[in-house]
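The chain contents come next:
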Amino acid sequence: MKLLVGVGVACVLMLGVAVWQVWGSWSSHAATPGNVAADPRIGRGTRDGLQRPAAAPVATNAVPAAPEAGPASSDASVHWPEDPQQADVLRRLDAARAALRDDPDHERALHDELAALAELNRWPEAAQTLARLQRLRPDDLDVAFDYAAVLLRLHRSVEAVALLNEVVARQPEHARAWFNLAVAHQSLGHLEEARRAWNQAITLKPTLPAYAQRGTVLLDLHEWAAAAADFETVLKQQPDAADATLNLSLALWRSGRGEEARERLRTLLERHPDHIPALNRLAEMAWGAYQASPAGDAVLRDEAFDCWRRSLRADATQSEIQARLAEAQAPAP
C-alpha cells in the first residue's frame, strides 16, 4: 500500500519548495526579499517514493500582451482601498502605468510597475512586465533570473528551465539560479537533471531546503541511503521537522532498517500525538513487519491497530484507513 502523506498531490514539487528570488533590484519600493512558496504541502517526498511525478505543466511559448494601463491617480473616479499601504502600492502602480502609456519602453516605469505587482502578488501581470523587460535587455541575467522565478510561481516550468539554463551557463557560480533550476526540473519530473542541479546548488551554497528536496529526488530514484543522509542533515539542525522525519523513516524502511524507521516515527508522535501522516505510516510499517515475522509479533500487530484507530479518531473521514483497518482485523481465511 502506498503511504501517501501530503496534500495537493497534483502539484509535484512547487508545493513546499522555496523558489529563491531577489526583488530588491527592481525598485526602491520592491517587495521584501524572501522565498517564493507555491502550493504548500508536507514536502513532496512524504510518500512511499514510488509515486511518479505528475504530468509536466503545459507551457506557452507566447508572451502574453502587456495589460492595459489602469486609470491615472488623478482620475476622480478612482476609489482607493482603505488600507493605506495597499493604497500606496496601487498609486505607484497607477503612476508607473501612466508613464508607460507615454513611453511603453520606459525601463524605470517598468521596474516600478513590477515592484508594485510583486507587492500585490499579481504574478501573471508581473510575468508580462518581465517579458517586456527581457525584450529590452535580452542579455541581462538578473532580469532572466527574476523572470524565471515568476514563471515558476505560475507553474510555467518549461519556460523557466530555458531561462535558468542560460543563467547558469553564463554564471556557473550563481547558487540561486541552480536552486531554482533544480526546482523547475523536479516539478517537471526530470529527476536526474534535478539531482545534478541540487548537487550544484548545495556545493555552492548548502541550505536545508536544498538538502530536503534533493532527498525527495533520491527517494524517487530509490537511492535510499543517500536520501537518508540528506534528511539526517536537515534533522540535525531542525530536529522537530515532521516532513523530514517522515521522509527519513521511509528511506530507512526501504533500506531494510525497519525498527529504526519505526522508532523515528514513535519519537515524532511523542511530540505530536495526533500527527495523522506519522500515525498512518507507523501503522503501515508495523503491520508489514507483523506480517513478515514468522510467528506474527502481536506487539507489532497491536501497534498497527492502535495507530490506525488514533488516526481515525483525529480524522474519521479517512475511508482508505477505515478500509485498511477493517481488512487487517478481518479473520484470516
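Thresholds, definitions, all that
One numbering rule holds for all chains: residues counted from 1, following each sequence as written. Given that the model is predicted, a residue must reach a pLDDT of at least 70 before its local features are reported, and side-chain atom pairs must reach 80 or more before they are shown or counted; all residues, however, enter totals for whole chains, interfaces and linings. To get the side-chain values, all heavy atoms of the structure are used, and hydrogens and water are removed first. Helix and strand assignments follow DSSP, with helices taken as H or I runs no shorter than four residues and strands as E runs no shorter than two, numbered in order from the N terminus. Residue burial is assigned from relative accessible area. The probe radius is 1.4 Å, only protein chains are included, and a residue is buried under 20% of its type maximum, exposed over 50%, and partly exposed in between. By definition, residues are in contact when any of their heavy atoms lie within 4.5 Å. Between rings of Phe, Tyr and Trp, where Trp is taken as its six-membered ring, a pair exists when centres lie within 6.5 Å; planes separated by under 30 degrees are stacked, by over 60 edge-to-face, and by other angles tilted. Here, expected helix span is obtained from the residue count minus one, scaled by 1.5 Å. Directions are taken from the helix axis to each C-beta atom, and the arc is the one they span. Here the axes come from fitting lines to C-alpha atoms, over the contacting stretch only for helices, and the angles between their N-to-C directions go from 0 to 180 degrees. In this scheme, roughly parallel covers angles under 35 degrees and roughly antiparallel covers those over 145, while 65 to 115 is roughly perpendicular and the rest are oblique. The sense of a crossing depends on the near helix, which, turned anticlockwise from the far helix by less than a right angle, makes the crossing left-handed and, turned clockwise, makes it right-handed. Each residue is assigned to one class: nonpolar for Ala, Val, Leu, Ile, Met, Phe, Trp, Tyr, Cys and Pro, charged for Asp, Glu, Lys and Arg, and polar for all the others, Gly among them. N or O atoms within 3.5 Å of each other form a polar contact, as long as, within protein, one can give a hydrogen and the other can take it, and as long as residues adjacent in sequence are counted only when both atoms are side-chain atoms. Each nonpolar core is a collection of buried residues, namely Ala, Val, Leu, Ile, Met, Phe, Trp, Tyr and Cys, held together in the definition by side-chain atoms within 4.5 Å.

> So what's going on with the overall build of the chain? Which residues, and what values?
If you tally the helices and strands in the chain, you get 14 helices and 2 strands. When each of the 333 residues of the chain is scored for burial, the buried share is 49%. Relative to all contacts within the chain whose residues are 6 or more apart in sequence, the contacts with residues 24 or more apart total 59%.

> Would you mind going over the packing of aromatic side chains in detail, with residue names and values included?
If you walk through the whole model with that rule in mind, you get 4 aromatic pairs. Here the aromatic rings of Phe179 and Trp198 are separated by 5.0 Å at their centres, their planes lie at 85 degrees, and the arrangement is edge-to-face. Placement of Phe179 in helix α6 (residues 175-187) and of Trp198 in helix α7 (residues 191-204) is noted, with a sequence separation of 19 residues between them. Here Phe179 and Trp198 have matching classes, each one buried. For the ring pair Trp287 and Phe305, a centre distance of 5.6 Å and an interplane angle of 25 degrees mean the geometry is stacked.

> Pulling in residues and values, what's your account of α7?
A rise of 1.5 Å per residue sets the reference length of α7, with its 14 residues, at 20 Å; its end C-alpha atoms lie 20 Å apart and thus fit the reference within 8%. Buried within α7 are the following residues: Leu191, Ala194, Arg195, Ala197, Trp198, Ala201 and Ile202. Down the axis of α7, the buried set is contained in an arc of 170 degrees. They therefore lie on one face. Facing away from the buried side of α7 by more than 90 degrees, the exposed set consists of Arg196 and Thr203. Residues of α7 that are buried in the fold lie against α6 and α8 (208-220).

> Please set out unusual backbone geometry residue by residue, giving values where relevant.
A positive phi angle, near 60 degrees, is found at Asn121, a position not held by glycine. Its place among the elements puts Asn121 in the loop between α2 (107-119) and α3 (123-136). The phi dihedral of His155 is positive, around 60 degrees, even though this residue is not glycine. As for its placement among the helices and strands, His155 is situated in the loop between α4 (141-153) and α5 (157-170). A relative accessible area of 28% places His155 in the partly exposed class.

> Report on the packing of α6 against α7, specifying residues and quantitative values.
The contact between α6 and α7 brings their axes to 8 Å, and the two run at 155 degrees. Compared by their axis directions, α6 and α7 come out roughly antiparallel. Of the two elements, α6 crosses α7, and the hand of that crossing is left-handed. Contacts between α6 and α7 involve Ala175, Trp178, Phe179, Leu181, Ala182, Val183, His185 and Gln186 from the first element and Glu193, Ala194, Ala197, Trp198, Gln200, Ala201 and Leu204 from the second. Taken together, the residues of the contact of α6 with α7 sort by class into 11 nonpolar, 3 polar and 1 charged.

> Now, about α4: what can you tell me, with residues and values included?
Relative to the 18 Å expected for 13 residues at 1.5 Å per residue, α4 spans 19 Å between its end C-alpha atoms, a close match to the ideal helical length. Taken across its 13 residues, α4 has 11 buried, putting it largely inside the fold. Within α4, burial applies to Leu141, Val143, Ala144, Phe145, Asp146, Tyr147, Ala148, Ala149, Val150, Leu151 and Leu152. For α4, the N-terminal capping position is held by Asp140, with its side-chain oxygen 2.9 Å away from the main-chain nitrogen of Asp142. The positive-phi residue at the C-terminal boundary of α4 is His155, with phi of around 60 degrees.

> Explain the nonpolar core residue by residue, including any values.
Ranked by size, the top nonpolar core spans 86 residues in total, and within it Leu130, Tyr147, Leu181, Trp198, Leu219 and Trp308 carry the most contacts. Broken down by element, the residue count for this core peaks at 9 residues, all from α4. Aside from chain neighbours lying at most four places away, what touches Trp198 is Phe179, Ala182, Val183, Gln186, Ala210, Gln213, Arg214 and Val217.

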